[in-house]
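# Notes for the structure review
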Amino acid sequence: MSFKKWVMQRRALKLVSGPGADAAGEESYRETGLSVAKFLHVQRALTGDVRLIRKTGEANVKALGYIYGFTDAAFQSAGMDIGSEYGVSALVALISEFDRPNAEILWLRLKCPGDAWALMDGVRIGFEDYDRLMRGERTRDELAFGWAKCFPNA
């Protein structure tokens, strides 16, 4: 399921639009989330077949951190908060976009990573990649190198 379909389902269930929710704000989160998903898909295509759950069954918290950092930087640059209701919904949707069957496990690992250093390293790499992209210091192809750092065997 795509991010757009996920948001539409949540809107129908009234999980994204709460009382007094700003429709324009919600739309901004959705559009930014779609842009982030596109960039992450480009990176995944350039990096190769990557998995957020390792063969050992453990979550790749560095890769989760990368998704968080890249998304947070995108939201901050647009004046949005990843910790808001819409921001959290978009982050969950992005994680689901890359590994729907394990999305719940991955979300729990993001909240309680076990290896906080790896998570924060991924956040740093993702945030810096987005920042460099927006400043024109990196092309889309070069972004794959930051993402690839999260997958040593890719």
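Summarised in this report is the structure supplied together with it. Quantities reported herein were computed from a predicted structural model and do not represent experimental measurements.

### As for the pattern of salt bridges
Applying the stated criterion across every chain yields a total of 6 salt bridges. The network of salt bridges with shared partners includes K62, D121, R124, E128 and R132.

### Description of the side chain of D72
Mapped onto the secondary structure, D72 falls in helix α3 (residues 61-77). It turns out D72 is buried and unbridged, and the closest side chain with the opposite charge, R124, is 13 Å from it. Residues within four places of D72 in sequence aside, it is in contact with I82 and F127.

### A closer look at the nonpolar core
The biggest cluster of nonpolar side chains holds 34 residues, and the ones touching the most others in it are L40, L52, Y66, I67, L106, W147 and F151. Broken down by secondary-structure element, the contributors of at least two residues to this core are α2 (23-47), α3, α4 (85-99), α5 (103-111) and α6 (116-134). Residue contributions to this core peak at 9 residues, all from α3. Beyond its immediate stretch of four places on either side in the chain, L40 contacts Y66, I67, F70, F98 and W147.

Conventions used here
Residues numbered from 1 in each chain as written. Predicted model: local features only at pLDDT ≥ 70, side-chain atom pairs only at ≥ 80, totals over all residues. Heavy atoms only, no water. Salt bridge = Lys/Arg side-chain N within 4 Å of Asp/Glu carboxyl O. Helix = DSSP H or I, 4+ residues; strand = E, 2+ residues; numbered from the N terminus. Buried < 20%, exposed > 50% of the residue type's maximum accessible area, 1.4 Å probe, protein only. Lys, Arg positive; Asp, Glu negative; His and termini not counted. Contact = heavy atoms within 4.5 Å. Core = buried A, V, L, I, M, F, W, Y, C linked by side-chain atoms within 4.5 Å.

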